[in-house]
Amino acid sequence: MSKGGKTMKKIKFLASIVFLMGLISSGYATAKTLTMGVRGGPDSMDPHFSALGPHAEAAKHIFDTLVWSGTDLQIEPCLATSWKPVDDDTWEFKLRKGVKFHDGSDFDAEDVKFSIERIPVVSGPTTTTIYVRRVSEVEIIDPHTIHIHTDGQAATLPNDFIRLFIVSSEAAANYSTPETSAEGFNSGKATVGTGPYKFVSWEPKGDLVLERNDSYWRGKGSWEKVIRKEIPNDSSRLAALKAGQVDVINYVSSVDYLALDKDNNIDAVKGDSVYIMNLQLDQREKTPLVRAKDGSELKENPFRDIRVRRAIDHAIDRETMVEIVLEGLGRPANQMMPPGFFGSSEKIPMPEYNPSKAKALLAEAGYKDGFEVDLYCTSDRLPGDGAICQGLGQMFTQVGIKTNVNAISKTVYFPAYSRQEYSMFMNGWGTLTGEASYTLGGLAHSNNPEIKLGAYNRLEYKNDKVDQLLQTGAKMMDENKRRATYEEAMETVMADKVYISIVQLQTVWGAKAGSFEFTPRYDEDTLAYFIKSAN
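Counting restarts for each chain: residues are numbered from 1 in the order of the written sequence. Side-chain atom pairs in this predicted model are given and counted only at pLDDT of 80 or more, local residue features only at pLDDT of at least 70, and totals for whole chains, interfaces and linings cover all residues. Each side-chain value is derived from all of the structure's non-hydrogen atoms; neither hydrogens nor water enter the calculation.

Quick look at unusual backbone geometry
Phi is positive for Lys497, close to 55°, though the residue is something other than glycine. Numbering goes from the N terminus for both helices and strands, where a helix is a DSSP run of H or I of at least four residues and a strand is a run of E of at least two. The residue Lys497 is located in the loop between helix 14 (479-496) and strand 20 (499-518) in this model.

As structure tokens, this is what we get:
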């Protein structure tokens, strides 16, 4: 699959990449209102608080980014119309003229500078600083031109800015500290963007209500009102669709997907996802949630032994995970990005499922009788996350590693993940920029706040070769050399088996049979502006 490629299966309709789904027949909605049932919602209405996908997806309705990520993750102009490097450590961005914030004020360079400088101050546990980590200074040249000075050559800076949400420097001026940001944005006082919809109200874990921005620079959207209902339970979300309480839902479960093939009232579509499920193994000398099977303390952390990590990899039956656990909604994964992405490597083999070899490696490492571990993962963030976790637990137990599975809410999982409370854990990661510096720089580089790399490395994984490759690659303006450097880094990381990639997900959307146009996105976002009535 090429970087921009997308595989989509249509059900009960043919041809076009346009997804025909029904809104008009819904008794709950009118032709002027779109109600979406979504699995997850924002953690706050402050777009700079969290890097999680559902948070950014909600923010995209209200706020524009400096650079846009298209359906296939190719970067496109947004509030910046063009960009170019002007010297080794400076990028020039030209800004779109004539753009208004929802309160009628003009968008200009001050808002970009303010937003960039605000992120490190208000970012939460799942930090958004990764998107501005290379920025050392923002210089305003004129109201529609900025120079971004970086800490050395930063070849992929425009890619990083796909999650740089621009807030109003005026509206957010008094709400830009950790103590004040929630008050200003959750109440709507500071929730002033340039995006396609205006903020009306938000209930945490409930409804986000929006109204159309008729002055949107792209042109006004199809829906006068949008209601984004957070319904975490997959069955409840589908039931709401069937009952006409919502018009479209995301993350149809694998079991429900098969059943929908026989339901003439519901249309569905399957699209490849950018998200890879990765198992992660703590590398600290002392790790909290591993022990002997009798409950006694082990002399050392077994995950620091490459033989144990290889054993765990051999214990995973990826084909079964896809075909049985996910009901076919996925692909076996051998690395942390989808095939064809910039920096993925064709040299990395698909790991072999071999439980006998797994047992032999455990014995060789001194764990003939295995050991016990608590495995943590989310249960409500991405399709099949809890089911994959349960499948892993069974597979590890079969080779002698007694595994206690804890599939928990993302609201509990990620804060504990940030505090490094886990020994073995699994979550999805999407290479949203389409290139390796985002993924490897965030996860595989040792955690080094001084150079702003490794912000999501919760394992204390450190490989000096990987660190050097990533630091070198980030400064390479030559695309071919940079690609080769990132490929070598990916090969090294995957050989270390501290991160063990399991499956690449596929995602299903559903709606009442009828007609409106929607093209699934690789990043799984469900964006009201791009859902249009076919009539």
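There is more to say, and it comes next.
So, the environment of Thr191
For Thr191, the position within the fold is in the loop between helix 4 (181-187) and strand 10 (197-202). Considering only alpha carbons, one finds Thr191 and Asp46, 145 residues apart in sequence, at a separation of 7.3 Å. Contacts were defined at the residue level, with two residues in contact if any of their heavy atoms lie within 4.5 Å. Leave out the neighbours within four places in its chain, and Thr191 touches Met45, Ile62, Phe63, Gly184, Phe185 and Phe199.

A short note on the side chain of Asp64
Mapping Asp64 onto the fold places it in the loop between helix 1 (53-59) and strand 4 (67-69). Partly exposed describes any residue whose relative accessible area lies between the buried limit of under 20% and the exposed limit of over 50%, with all areas from a 1.4 Å probe on protein chains only and scaled to the type maximum. His is not counted, nor are the chain ends; Lys and Arg add positive charge and Asp and Glu add negative charge. Within this document, salt bridges are pairs made up of a side-chain nitrogen of Lys or Arg and a carboxyl oxygen of Asp or Glu, the two lying within 4 Å of each other. For the buried Asp64, no salt bridge exists, and the shortest N-O distance to an oppositely charged side chain is 5.0 Å, to Arg218. A 3.5 Å cut-off defines polar contacts: any pair of N or O atoms within that distance qualifies, except that in protein one atom must be a possible hydrogen donor and the other a possible acceptor, and neighbouring residues in sequence count only when both atoms are side-chain atoms. Polar side-chain contacts of Asp64 include one of 3.0 Å to the side chain of Tyr216. Reaching out from Asp64, the side chain makes a polar contact with the side chain of Trp217 at a distance of 2.9 Å.

Here's the deal with the sheet that holds strand 8 (residues 135-142)
Sheet strands line up and pair through hydrogen bonds in the backbone, either parallel or antiparallel. Judged by pairing direction, the sheet is antiparallel, and its four strands sit side by side in the order 6-7-9-8 without closing on themselves. Looking at the sheet topology across the chains shown, the edges are occupied by strand 6 (80-87) and strand 8. Going from strand to strand, the sheet's axes swing by 20° on average, the running direction of each strand aside. Strand pairing follows a simple DSSP-based rule, namely that at least 2 bridges must link the two strands. For strand 6 and strand 7 (residues 90-95), the ladder comprises six bridges, and the chain directions are antiparallel. Pairing of Pro85 across the sheet is with Trp91, part of strand 7. Running over the sheet, helix 2 (residues 109-122) touches strand 7, strand 8 and strand 9 (145-150) and is turned about 170° from strand 8. Axis definition: a line fitted to C-alpha atoms, over the contacting stretch in the case of helices. Angles run 0 to 180 degrees between N-to-C directions.

Details of the environment of Lys286
With respect to the helices and strands, Lys286 occurs in the loop between strand 14 (266-281) and strand 15 (290-291). Taking the relative accessible area as the measure of exposure, Lys286 reaches 59% and is therefore exposed. In sequence terms Lys286 and Glu300 are 14 residues apart; their C-alpha atoms lie 6.8 Å from each other. At 3.2 Å, the side chain of Lys286 and the side chain of Glu297 are in polar contact.

Remarks on the confidence of the model for the protein
The pLDDT value tells you how sure the predictor is about a given residue, anywhere from 0 up to 100. Across the protein, the average pLDDT comes to 92, with 94% of residues at or above 70. Considering only residues more than four positions removed or in separate chains, one finds that residues 1-30, a stretch of pLDDT under 50, has 103 contacts.

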